[in-house]
Amino acid sequence: MITLDINGKTHELDIADDMPLLYALRNQVGLNGAKYGCGLGQCGACTVLVNDKPVFSCLTPCGALAGKSVRTVESLGSVDQPGPLQKAFIDEQAAQCGYCIAGMIVRAQALLEANPHPDDETIRRHMAPNLCRCGTHVRIFAAIKSVVAQGGKV
Amino acid sequence: MKNPTQNVNLSRRAFVINGALVMGFAMLPGIPRAFADTEVDTLGTTILAPDLPGSLRATPYLDAWIRIDAKDGITVYTGKVELGTGVKTALLQIAAERLEVSPGLIRFLTADTALTPNEGYTAGSHTIVDSGTALFNAAAQVRQLLLESAARQWQRSIDSLTTRDAVIYDTQGRSMTYAQAVVGVQLHRFASANSPFKPAGSFTLIGKSLPRLDIPAKVSGGAAYVQDMRLPDMLHARVIRPPRRGSQLLEIDEAALRQLPGEVKLVRNGSYLAVVATDEWLAVKAMREGYAKARWTEGNPLPDSTHIHQLLTELPARRYPVSAKGDLPQPLPRAYKARVTKQYLMHGSIGPSCAVAWFKDGTLTVWTHTQGVYPLRAGIAEMVGLPVAQVRCIHAEGSGCYGHNGADDAAADAALIAMAIPGKPIRVQWMREQENLWEPYSSAMLAEVEAGLDDSGRLRDWKYELWSTPHNERIVNAGRLLPAWLLANPFTPAPSVPIAQPEGDGDRNAVPLYEIPNLKVDMNFVLTMPFRTSAMRSLGAHINIFAIESTVDELAARATIDPVQFRLNHLSDPRARAVVERVAAEFRWPHKATGPGSGIGFAFARYKNIMGYCAIAVQLHVQRQTGQVMIDRVVAAVDVGQIVSPDGLLNQIQGGIVQSASWTLYERILYDASGMHSFDWSGYPIMRFPDLPQQVEVHMIDQPDQPFLGAAEIVQGPMAAALGNAINDATGKRLLDLPLARRGWQDALGS
Ligand code: FES
Ligand code: FES
């Protein structure tokens, strides 16, 4: 049995220690936000927050998460009540296929929680681990900037 | 030299005569006809009504597009799919505009072989042109029939009736819903060639940026993709592919798989292997075990990457004359000559391909992110030996595909596994390395250009020859599905046929739009594929426009004429001139960049010479030591006819600029005799945030009442060409081998 603290709820899961968090989130917990993109820590589609830091859930074994808190994009808001970044992404229509977007929002969340006033260069460098193949970067960047412009409160 | 037409493949030529060139689409009465698609026609839809607009030509019945009843209200169907370009919302806007109802009153269904029209593939920037035009007309005609019905019942003239949100009103306060009015109206009838006219000035939805329907769920973790489907008792599968093409399975240690904790089933058919488990992580472990324990024959050798372009000229090919006019002297006097190359590229979807299939009660249902549910259904039915009527393919979104990626093959995987395990839904997810190694690539290409000026500095002679493997290996038979090659009774791919001009294949946009009196353009369609290749956004247009536009810049320099002016000197189409002039004005061309290694570049093309217009100017700087290219500013102007959703169009153009910059600056598939090296993102780097253009401006020129021209792919070629021209301006080096930056730059300096 493994105990995971996900979005403020405790889950007792009968899974192997080596199961990457991504698989547990999607299959055992039934969350869609974290996506499988590479399983290699190269694309960021699977990004979640562990103790407020962005991590690749595809590379994080569940056995290493005892006592840590996991947050996914689902914790940031919902369709009816989107959080600040989610709302900015909707307002900017910052998605094409959108497959990368949940990971983008989670990584941006980590940045703004730690630094509500990042400059452009900091945003670009911080977002570098996450890939988007549709080329939605211009809008993703604009969405993050619009939250910063409103005080960076997430 | 023998007459080049002797080498023409007659079926292709015949198609041009019988198909696209004599057909057009009329979106609105009185509008001159534009050439319509062949990409769809060549992909299996049959033309039943050549006089009708858009996809009504293949699916002429009104009730194939729109149904109205008391229970479901208004249902609108499209055979096209959402690939991440926002077309679902744009098509809904068009249908709602012409039915004159708010979009929220429409139940909108996309490609499903049990429900929707067959619109072939969602590809080639055709969705709005085909399906949008069909809905634009069908919806207006349905509304007209409803008005006629109400007018009959009330004994009023149609002109005295109005409609609002699916209710018809007369001047005496009577009202009737669309669902009431439709009673007694036969919608199972052919559409007519002409539709009620509505001036663009009175549109309330077309031309407005409706927020996309799919984005709220996608930013908040809602189930949005086929990857997110969870059916009752669904099993998870992984495939085990051979080490390379041509490898045959010798043996696999099945006992080793039984050692794993939990129940794992091996599906085996010839060299086809897959593992199935109740838990996904267990399926991944079993797959890894399978890779470790399977033994294979050597397989086909890989070509030498350093001489791939030479190899393309030596392999068996069919030669197609693409265009010829005037009288080209041989050899051309004082010609500018260039040899331009492009490497194999991959679509590189962020989410590897995935599909869910379920064989239940004799019917196989497949949920897939394919671009064409109908062609896929036929291919799968043939592969598994079921009648077509017992296979249903339903589109479910995946990660953006940008062309023919692993989607169809993953669907075939799911189908094969579901047939082996009847009664259970099967979800197959490809791994990153499987996507990278087995998706169909975008072909490596070679183009040779020779061009010359007359004494007054005008383009006079143009000779262009290109070599490419196919760009259109779509699913026309089971053998086009990769898993079908591996079966004990394998299937063979149908012979390759290039997409006809004016759409073009490798030769898409191979003919310059500029006025040139003497011109000859030929394509060598290479039939043996060292790597399996198929459609990726813009097909050959990426390199062809790059080659044309770099040549035009070189000739402008020879003529000592500003490159923008030089282009204008050879363009008479006012819409082409308008995008060029707009970019020049907004960019303040030739406003020079400052700082070391800075340069500016310009490019223009009309996609396929029949679709959207696009001009781009780029300002960048190059770090000579590293070959790092920083893009400071991009200014683009586009004209795609009547704009449906300005924000949707903007999103596509911004995305295309970034994607094309990535292809052009960084991308190439790495391989050598020892194997493939681009199996993950470290072996196939694409653009990341730090390399993002600092500033992107897009100017959209709307053309009210003009036909829709399509948007998604129009920027790929011009962006590539503008980058090449700007790098030349920055460094004095004319780079002609893609990719241009980093490694590409260093290779160019080394050679
Ligand atoms: S899926 Fe985790 S980084 Fe790509
Ligand atoms: S929006 Fe498609 S991958 Fe980012």
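Thresholds applied
Residues numbered from 1 in each chain as written. Chains lettered and ligands numbered in written order. Predicted model: local features only at pLDDT ≥ 70, side-chain atom pairs only at ≥ 80, totals over all residues. Heavy atoms only, no water. Domains from an automatic or database assignment. Contact = heavy atoms within 4.5 Å. Buried area = accessible area lost by both parts, 1.4 Å probe. Salt bridge = Lys/Arg side-chain N within 4 Å of Asp/Glu carboxyl O. Polar contact = N/O pair within 3.5 Å; in protein donor to acceptor, adjacent residues only side chain to side chain. Helix = DSSP H or I, 4+ residues; strand = E, 2+ residues; numbered from the N terminus. Expected span 1.5 Å × (residues − 1). Buried < 20%, exposed > 50% of the residue type's maximum accessible area, 1.4 Å probe, protein only. Pairing = 2+ DSSP bridges. Axes fitted to C-alpha atoms, helices over the stretch in contact; angles between N-to-C directions. Parallel < 35°, antiparallel > 145°, perpendicular 65-115°, else oblique. Left-handed = near helix turned anticlockwise from the far one by under 90°. Nonpolar A, V, L, I, M, F, W, Y, C, P; charged D, E, K, R; others polar. UniProt positions renumbered as here; feature names shortened; annotations may be inferred.

Asks: In this structure, what is going on with the domain arrangement of chain A? I would like to understand it.
Replies: Interfaces are often sized by the accessible area lost when the parts come together. All names here are of chain A. For chain A, the domain assignment lists domain 1 (2–75) and domain 2 (77–149). Using only C-alpha atoms to locate each centre, domain 1 and domain 2 end up separated by 20 Å. On the side of domain 2, 15 residues touch domain 1, which itself brings 18 residues to the contact. Around 1300 Å² of area is buried between domain 1 and domain 2 when both sides are counted, 57% of it from carbon and sulfur atoms. Of all residues in domain 1, the largest losses of buried area upon contact with domain 2 belong to T47, P54 and V73, amounting jointly to 35% of the total for that side. At the junction of domain 1 with domain 2, the criterion picks out one salt bridge. For E113, the salt bridge goes to R71, with nearest N and O atoms at 2.8 Å. Where domain 1 meets domain 2, there are five residue pairs in polar contact (both at pLDDT 80 or more). Elements supplying a minimum of two residues to the side of domain 1 that touches domain 2: β3 (47–50) and β4 (53–56). If you tally residues by element for the side of domain 1 that touches domain 2, the top one is β3, at three residues.

Asks: What's the story with helix α16 (residues 646–666) of chain B in this structure? I'm lost.
Replies: Because each turn of an α-helix spans 3.6 residues, side chains separated by three or four positions end up pointing in the same direction. For α16(B), built from 21 residues, the straight-helix expectation of 30 Å at 1.5 Å per residue is met to within 8% by its first-to-last C-alpha distance of 30 Å. Along α16(B), 18 of the 21 residues are buried, which leaves the element largely enclosed by surrounding structure.

Asks: Help me out: how do you make sense of the sheet that holds strand β28 (residues 696–700) of chain B in this one?
Replies: Backbone hydrogen bonds hold the strands of a sheet together, and the pairing may be parallel or antiparallel. All names here are of chain B. Ordered in space as β23-β24-β25-β28, the four strands form an open sheet in which the pairing is mixed. Each having just a single partner strand, β23 (598–606) and β28 make up the two edges of the open sheet. The average undirected angle you get between the axes of adjacent strands in this sheet is 15°. Where strand β24 (residues 613–623) meets strand β25 (residues 628–639), 11 bridges bridge the pair, whose relative direction is antiparallel. By the bridge assignment, Q623 is partnered in β25 with Q628.

Asks: Explanation requested: the packing of helix α4 (residues 120–127) of chain A against helix α5 (residues 137–149) of chain A in the structure shown.
Replies: Each packed pair of helices is defined by two parameters, the angle between the axes and the distance between the axes. All names here are of chain A. Here α4 crosses α5 at 125°, and the two axes come no closer than 11 Å. The pairing of α4 with α5 is recorded here as oblique in orientation. Pair α4 / α5 crosses with right-handed handedness. Where α4 approaches α5, its residues D120, I123, R124 and M127 are matched on the opposing element by F141, I144 and K145.

Asks: Could you clarify how one ought to interpret the domain arrangement of chain B in this entry?
Replies: Residue and element names in this part refer to chain B. Under the domain assignment used here, chain B contains domain 1 (41–220), domain 2 (226–299 + 347–438) and domain 3 (445–471 + 506–749). Computed from C-alpha coordinates alone, the two centres of domain 1 and domain 3 are separated by 37 Å. Tallying the contact residues gives 25 residues for domain 1 and 21 residues for domain 3. Applying the counting criterion to the domain 1 and domain 3 interface returns seven residue pairs in polar contact (both at pLDDT 80 or more). Those elements giving two or more residues to the side of domain 1 that touches domain 3 turn out to be α2 (87–99) and α3 (127–154). The element contributing the most residues to the side of domain 1 that touches domain 3 is α3, with five residues. Of the residues assigned to the side of domain 1 that touches domain 3, the class counts are 12 nonpolar, 10 polar and three charged.

Asks: Before we go on, may I ask you to explain the UniProt feature "domain: Aldehyde oxidase/xanthine dehydrogenase a/b hammerhead" (unreviewed entry) in chain B in this structure?
Replies: This chain's UniProt record puts "domain: Aldehyde oxidase/xanthine dehydrogenase a/b hammerhead" (unreviewed entry) on residues 220–300 of chain B. Split by type, residues 220–300 of chain B is 25% helix and 31% strand. Its first and last C-alpha atoms lie 46 Å apart.

Asks: Just checking my understanding: could you explain helix α2 (residues 84–91) of chain A for this structure?
Replies: Turning to α2(A), its buried residues number three or more, namely L85(A), Q86(A), A88(A), F89(A) and I90(A). Check the buried side of α2(A) and you find it contacts α3 (101–114) and α5 of chain A together with α5 (215–220) of chain B.

Asks: Is there a simple way to explain the interface of chain A and chain B in this structure?
Replies: With 54 residues of chain A in contact, the opposing surface of chain B contributes 65 residues. Considering only the surface of chain A that becomes buried against chain B, Q96(A), R124(A) and R133(A) emerge as the three largest contributors, covering 19% of it. Ionic pairing is found between D228(B) and R26(A), a salt bridge with its closest N-O pair at 2.7 Å. Between the two partners, chain A and chain B, sit 39 residue pairs in polar contact (both at pLDDT 80 or more). Elements supplying a minimum of two residues to the side of chain A that touches chain B: α1 (21–28), α2, α3, α4 and α5 of chain A. Ranked by the residues each element gives to the side of chain A that touches chain B, the list is headed by α5(A), at five residues. In terms of residue class, the side of chain A that touches chain B is made up of 30 nonpolar, 17 polar and seven charged.

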